[in-house]
Amino acid sequence: MLSHSRCLTRNFGRSLSAIRQVGTKLTNFGCCLALLASGCGETAASVRSALSVLALALAAPALGDEVITVKTPAFAESVTEGDVRWEKAVGDSVSEDEVVCEIETDKTSVQVPSPAAGVIEELLVPDGGKVEGGTPLFKLKKGAGAAKAPESPKAATAPLPPSAAPTPPPPPSTVGPIPTTMPPVPPVPAHVKMNRMRLRIAQRLKEAQNTCAMLTTFNEVDMSNISEMRKAYKDAFLKKHNIKLGFMSAFVKAAAYALVDQPAVNAVINDTTKEIVYRDYVDISVAVATPKGLVVPVIRNVEEMNFTDIEKAINLLGEKARKNELAVEDMDGGTFTISNGGVFGSLFGTPIINPPQSAILGMHGIFDRPVAVGGKVEIRPMMYVALTYDHRLIDGREAVTFLRKIKSVVEDPRVLLLDM
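Here's a quick rundown of the structure.

Definitions and limits used
Residues numbered from 1 in each chain as written. Predicted model: local features only at pLDDT ≥ 70, side-chain atom pairs only at ≥ 80, totals over all residues. Heavy atoms only, no water. Helix = DSSP H or I, 4+ residues; strand = E, 2+ residues; numbered from the N terminus. Buried < 20%, exposed > 50% of the residue type's maximum accessible area, 1.4 Å probe, protein only. Contact = heavy atoms within 4.5 Å. Areas by Shrake-Rupley, 256 points an atom, 1.4 Å probe, with all protein chains shown as cover. Phe/Tyr/Trp six-rings, centres within 6.5 Å; stacked < 30°, edge-to-face > 60°. Lys NZ or Arg CZ within 6 Å of the ring centre and 35° of its normal. 1 Å grid on protein atoms, 1.4 Å probe; cavity = no way out; pocket = protein on both sides within 12 Å on 5 of 7 lines; lining within 4 Å. Points joined across faces, edges and corners; volume = space filled by probe spheres on them. Pairing = 2+ DSSP bridges. Axes fitted to C-alpha atoms, helices over the stretch in contact; angles between N-to-C directions. Nonpolar A, V, L, I, M, F, W, Y, C, P; charged D, E, K, R; others polar. Parallel < 35°, antiparallel > 145°, perpendicular 65-115°, else oblique. Left-handed = near helix turned anticlockwise from the far one by under 90°. Core = buried A, V, L, I, M, F, W, Y, C linked by side-chain atoms within 4.5 Å.

**What to know about the overall build of the protein chain**
Working step 1: Of regular secondary structure, the protein chain possesses 9 helices and 18 strands.
Working step 2: Relative to its 420 residues, the protein chain shows a buried fraction of 37%.
Working step 3: Sequence separation of at least 24 residues holds for 64% of the intrachain contacts in the protein chain that already meet a minimum separation of 6.
Working step 4: If you sum the accessible surface of the protein chain, you get close to 25,700 Å²; carbon and sulfur atoms cover 58% of it.

Pasting the structure below:
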């Protein structure tokens, strides 16, 4: 009997140690004592089994409360830091792959998803704070999510005091009527901090104005032939390639053709080494307006593409821009830019060079205008086009020749087939 009691005591001590290691509360400890007392008449194996079950049950919730630290993902080589914009707050439950924050860089936004389901325990960087690759962002408690604390019961409404004797009416006032409406309050303008992308855009545009000797030349394009071609083949094109045939592919291909013909427009000045850098490839940036600012994804090796390849590339980049999925690699490089203000109804404008490039083509809206054709006045769909170029590198002859080459290709795409 004495050895049986010592065995129970030793087993109880071991189970009590396991319970304390998993953070057992005093109430659980009381339950353990009650269990031991009820089991005194049983065998030592029964008591030991009961205590083991109790220790495992108490350890289960503690083992599930794993806290992990999520860090900033690595940036591309040309990006060193970004600003954090939090989508979630401390205490919010998140599912796996749900976006917790967004990091705005100079060129794009990087979404940071949750690696697992759980609850946000701590934000390690303030909203708007700067981070680099590998910087700890937040702590996540893995699990199904902690239940929200119940709302505190509303304070009971205090009973109204019993009605007292009626008060005598106030004496008549000799003062004039009191105004019942507030005087008009002047409107207060809203002050919104510029995001990092907008700041970078402003900086680059101002650098272009301060560095380049910008000059703009203009021309107009008769869109009759390209409009008829698009009208005749748009349904068959859509059926075969599952994308729409637009006007951008004609201008992108015409620009690539003209850039090969006028290599100075495709070149750039290296201000550090004082050299002219000629490129034997054509990478055209297409300006796309997004809610966060203007982005310029790049279509690579356009000189080797046909209309279908260009339309597919434009469609893919546009889809990425709409979903905010453009990576830095999609916007790096570019030897020439095309900006299409015509989608917003622009009639005329002078685009600004996108450094470190040397020229930019501005497209505008298509409007019916009277033009002289063969000595007669006809109504034709016309578009004004503008070429802004760096006059330090490109002379007027090259610029005008370049723009006329684009005009001839768009007005009659057969020029591409004849290499004229």
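**A look at the packing of aromatic side chains**
Working step 1: Here the structure, examined in full by the defined rule, presents 4 aromatic pairs.
Working step 2: Consider the rings of Phe-218 and Phe-348, whose centres lie 4.7 Å apart with planes at 25 degrees: the pair is stacked. Of this pair, Phe-218 sits in strand β9 (residues 214–222) while Phe-348 sits in the loop between β16 (336–340) and β17 (359–373), and the two are 130 residues apart along the sequence.
Working step 3: A network of ring pairs unites the aromatic residues Phe-218, Phe-348 and Tyr-384 as a single cluster.
Working step 4: For Arg-230, the ring lying beneath its charged end belongs to Phe-247, and the centroid distance is 5.2 Å.

**Observations concerning empty space enclosed by the protein**
Over the atoms rolls a probe the size of a water molecule, and its path tells where empty space is left.
Working step 1: This model, assessed by the stated rule, comprises 1 cavity of 30 Å³ or more.
Working step 2: Volume-wise, the largest cavity comes out at about 30 Å³.
Working step 3: In terms of lining, the largest cavity is formed by Ile-226, Met-229, Arg-230, Leu-245, Gly-246, Phe-247, Ser-249, Ala-250 and Phe-307.
Working step 4: Within the residue set of the lining of the largest cavity, elements represented by two or more residues are α5 (224–241) and α6 (248–261).

**Quick word on the sheet that holds strand β18 (residues 376–390)**
Working step 1: Strand order in this open sheet of 6 strands is β9-β18-β17-β16-β12-β15, and the pairing throughout is mixed. Strands with a single pairing partner mark the edges of an open sheet, and in this sheet they are β9 and β15 (298–299).
Working step 2: Two elements, β16 and β17, share 4 bridges in a ladder whose sense is parallel. Within the sheet, the bridge partner assigned to Ile-338 lies in β17 and is Leu-361.
Working step 3: Against the sheet, helix α8 (residues 396–411) engages β9, β16, β17 and β18, with an angle of about 25 degrees to β9.

**Focus on the layout of surface pockets**
Working step 1: Reported here for the second largest pocket is a volume of approximately 220 Å³.
Working step 2: Forming the boundary of the second largest pocket are Met-229, Tyr-233, Ala-236, Phe-237, Leu-245, Phe-307, Pro-413, Arg-414, Leu-416 and Leu-417.
Working step 3: Contributions of two or more residues to the lining of the second largest pocket are made by α5 and α9 (414–418).
Working step 4: Take the lining of the second largest pocket: its biggest share by element is 4 residues, from α5.
Working step 5: Residues of the lining of the second largest pocket, tallied by class, amount to 9 nonpolar, no polar and 1 charged.

**Thoughts on the packing of α6 against helix α7 (residues 307–322)**
Working step 1: α7 packs onto α6 with a crossing angle of 115 degrees between their chain directions and a minimal axis gap of 9 Å. By the angle between their directions, the pair α6 and α7 is classed as roughly perpendicular. Helix-helix and strand crossings are classified by hand; for α6 and α7 the assignment is right-handed. On α7, the residues that touch Met-248, Ser-249, Ala-250, Val-252 and Lys-253 of α6 are Phe-307, Ile-310, Glu-311 and Ile-314.
Working step 2: Here the residues of the contact of α6 with α7 sort into 6 nonpolar, 1 polar and 2 charged.

**Looking at the nonpolar core**
Working step 1: Ranked by internal contacts, the top residues of the largest apolar core, which has 50 residues, are Phe-251, Ile-284, Phe-336, Ile-338 and Ile-406.
Working step 2: Counting residues per element, the ones that place at least two in this core are α4 (196–211), α6, β12 (284–286), α7, β16, β17, β18 and α8.
Working step 3: Among the elements that make up this core, the one with the highest residue count is α6 (10 residues).
Working step 4: When neighbours within four sequence positions are excluded, Ile-284 is seen to be in contact with Val-252, Ala-255, Ala-256, Leu-259, Pro-297, Val-298, Ile-299, Val-302, Phe-336 and Ile-338.
Working step 5: Counting 18 residues, the second-largest nonpolar core is a separate cluster that includes Ile-103, Phe-138, Leu-140 and Val-328.

**Brief notes about the packing of α5 against α7**
Working step 1: The contact between α5 and α7 brings their axes to 13 Å, and the two run at 70 degrees. Classified by the angle their axes make, α5 and α7 are roughly perpendicular. The handedness of the crossing between α5 and α7 comes out as right-handed. In this structure, α5 contributes Met-229, Phe-237 and His-241 to the contact, and α7 contributes Phe-307, Thr-308, Glu-311 and Lys-312.
Working step 2: Classifying every residue of the contact of α5 with α7 by side-chain character gives 3 nonpolar, 2 polar and 2 charged.

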